[in-house]
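Summary of the model geometry
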Amino acid sequence: AKAKGSDRLEVYNRDVYQEFSRYFHVENDLRKAIDRGEFALYYQPQFCLDSGDVCGEEVLVRWKHPIEGTISPGEFISIAEETGLIIPIGEWILREACRQKAKWINEGYPKVPMSVNLSLKQFLQHNIVHTIEKILKETKLPPEYLDLEITESVTVDLDRTLDILNQLIKVGVRISLDDFGTGYSSLQYVGQLPVHELKIDQSFVKKIGKGKEGEAIISMIIHLGRSLELKVIAEGVETKEQLDFLQKQGCDLVQGYYYTKPLSTEEYEQYLRYKDLC
Ligand code: C2E
Ligand code: CA
Ligand code: CA
Ligand code: CA
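Sequence positions are assigned chain by chain, starting from 1 and proceeding in written order. In the order they appear in the text, chains get letters beginning with A and ligands get numbers beginning with 1. pLDDT decides what is reported in this predicted model: residues at 70 or higher carry local features, side-chain atom pairs at 80 or more are listed and counted, and totals for whole chains, interfaces and linings draw on all residues regardless. Side-chain measures were taken over the full set of non-hydrogen atoms in the model, leaving aside hydrogen atoms and water.

Overview of the coordination of the calcium ion (ligand 3)
The coordination sphere of the calcium ion (ligand 3), as far as protein atoms go, consists of E58 (OE), N117 (OD1), E149 (OE) and D178 (OD), spread over 2.2 to 2.4 Å. We classify N117 as partly exposed; its relative accessible area is 30%. Keep in mind that water is not among the atoms, so a site may look incomplete; donors are the N, O and S atoms within 2.8 Å of the metal, or 3.2 Å for Na, K and Ca. Working definition: with a 1.4 Å probe on protein chains only, accessible area under 20% of the residue-type maximum means buried, over 50% means exposed, and in between means partly exposed.

Here it is in structure tokens:
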């Protein structure tokens, strides 16, 4: 029994070691990734349901690791958060997104906002408003073309969050509440937060056609958005059935694989030109 126990301990230690060593390597590699130019921005269009036009696009980061290949944000954003590396990485993403958006506007691509995800630590960092103003100035992007996606996790520090949001609204950028409906406090705060848009989480969209539960929550969010005079967007739309339901309920915007997966800069430009969207 003793031998078994120590075997198990050894296995356990090896796992912990591998976990740790993987984490350590990721952290080490992440530190160098900005300077080595390994991050790439991908873009996914958002469509207005009434006009059918592209009414926005979301920026989604990818890490082109020289050995591991393309790493999705789900695998490194949380490590970047824990290590604080999200601050320089997030700033790089914001600058690159604003630079690209300003370029696209000059080149005649759709004059619609670009949505950038801000993680909690990045949003609550002491100088986020200053950083955003600096980047808008540097890239000459008019603020109305920048939309910041935050989640309700920002309500961990409600006073500070209200202060930051009010300053950002003064700067003139847009704010979307991402993953809406998944947190336990969504309803408690939605009326207090100065935001322009609610983004229905894809977990609810997945349930369309699979019973009343997900559908009821979606209609509730759409009605809530309408009474608060907020735009409502649904993400993760993959099927015609989901699209039809959202349209019937009066959702304003949609985004998802039904139209396209996130595309690289060149692919996205081609997509817009091919679809005659610019
Ligand atoms: P999110 O903000 O909720 O983004 C939506 C995710 O759903 C993206 O995954 C997107 O590629 C994916 N998606 C889009 N349409 C569909 C669809 O029709 N079906 C399905 N199944 N998925 C769809 P991605 O790009 O892997 O990003 C995952 C998460 O990583 C994001 O969730 C966001 O929280 C975070 N993230 C991505 N880019 C950034 C970034 O630049 N900064 C920060 N802080 N976080 C980011
Ligand atoms: Ca948006
Ligand atoms: Ca998002
Ligand atoms: Ca989401």
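After that view of the structure, there is still more to cover.
Side note on the coordination of the calcium ion (ligand 2)
Donor atoms from the polypeptide that bind the calcium ion (ligand 2) are S115 (OG), D147 (OD) and E197 (OE), placed at 2.5 to 3.0 Å. Written as a sequence motif, the donor residues of the calcium ion (ligand 2) are S-x31-D-x49-E. Linking D147 in strand β5 (residues 146–150) with E197 in strand β7 (residues 197–200), this pair joins segments that are 50 residues apart in sequence. An identical accessibility class is assigned to D147 and E197; each is buried. By the criteria applied, helices consist of DSSP H or I runs no shorter than four residues and strands consist of E runs no shorter than two, each listed in order from the N terminus.

Comments concerning the site of ligand 1
Residues in contact with ligand 1 amount to 21 residues; listed here are only the nearest, Q44, R62, Q202, E238 and Y257. Note that a nitrogen atom of ligand 1 is positioned 3.2 Å from one of the backbone N or O atoms of V61. A distance of 2.8 Å separates an oxygen atom of ligand 1 from a polar atom in the side chain of R62. Summarising the interface, the protein chains cover 81% of the accessible area of ligand 1, which totals 800 Å² for the free molecule. Mapped by element, the contributors of at least two residues to the shell around ligand 1 are β2 (54–65), α2 (73–83) and β6 (174–180). Ranked by residues supplied to the shell around ligand 1, first place goes to β2 with 4 residues. Any residue with a heavy atom positioned within 4 Å of a molecule or strand is treated as near that molecule or strand. Any pair of nitrogen or oxygen atoms within 3.5 Å is treated as a polar contact; in protein, a donor-acceptor pairing is required on top of that, and neighbouring residues in sequence qualify only through side-chain atoms on both sides. Residue burial considers only the protein chains on display, and all accessible areas are found by Shrake-Rupley using a 1.4 Å probe.

Here we look at the packing of helix α5 (residues 128–139) against helix α6 (residues 158–171)
Helix axes use the C-alpha atoms of the stretch in contact, all axes being lines fitted to C-alpha atoms, and the angles between their N-to-C directions lie in the range 0 to 180 degrees. Taken N-terminus to C-terminus, the directions of α5 and α6 make an angle of 15°; their axes are 10 Å apart at the nearest point. With respect to α6, the axis of α5 lies roughly parallel. As for how α5 packs across α6, the hand of that crossing is right-handed. Residues I128, V129, I132, E133 and L136 of α5 touch α6, and the partners they reach there are I164, Q167, L168 and V171. Here the contact of α5 with α6 is built from residues that sort into 7 nonpolar, 1 polar and 1 charged. What sets the label is the angle itself: under 35 degrees gives roughly parallel, over 145 gives roughly antiparallel, 65 to 115 gives roughly perpendicular, and the rest give oblique. By convention the crossing between two helices is left-handed if the near helix lies anticlockwise of the far one by an angle smaller than a right angle, and right-handed if it lies clockwise. When checking whether two residues touch, look at their non-hydrogen atoms; a contact exists if any pair is within 4.5 Å. Polar here means any residue outside two lists: the nonpolar Ala, Val, Leu, Ile, Met, Phe, Trp, Tyr, Cys and Pro, and the charged Asp, Glu, Lys and Arg; Gly therefore counts as polar.

Considerations on helix α9 (residues 212–227)
Each residue after the first adds 1.5 Å to the expected span of a helix. In a regular helix each residue adds 1.5 Å, so 16 residues correspond to 22 Å; α9 covers 22 Å between its end C-alpha atoms and thus fits that length. G214, E215, I218, S219, I221, I222, L224 and G225 are the residues of α9 that are buried. Its buried side turned inward, α9 meets β6, α7 (186–189), β7, α8 (202–205), β8 (231–234) and α10 (240–249). Where α9 ends, the next residue or the one after it, E229, has phi of about 55°, a positive value.

Looking at the pattern of salt bridges
Between Lys or Arg on one side and Asp or Glu on the other, a salt bridge is scored when a side-chain nitrogen of the former is within 4 Å of a carboxyl oxygen of the latter. A complete count under the given rule lists 15 salt bridges for this structure. Across the pair R95 and E138 runs a salt bridge, and its minimum N-O distance is 2.7 Å. With R95 in helix α3 (residues 86–106) and E138 in helix α5, this residue pair connects regions lying 43 residues apart in the sequence. Salt bridges here are not isolated pairs; linked through shared partners, they connect E91, R95, K134 and E138.

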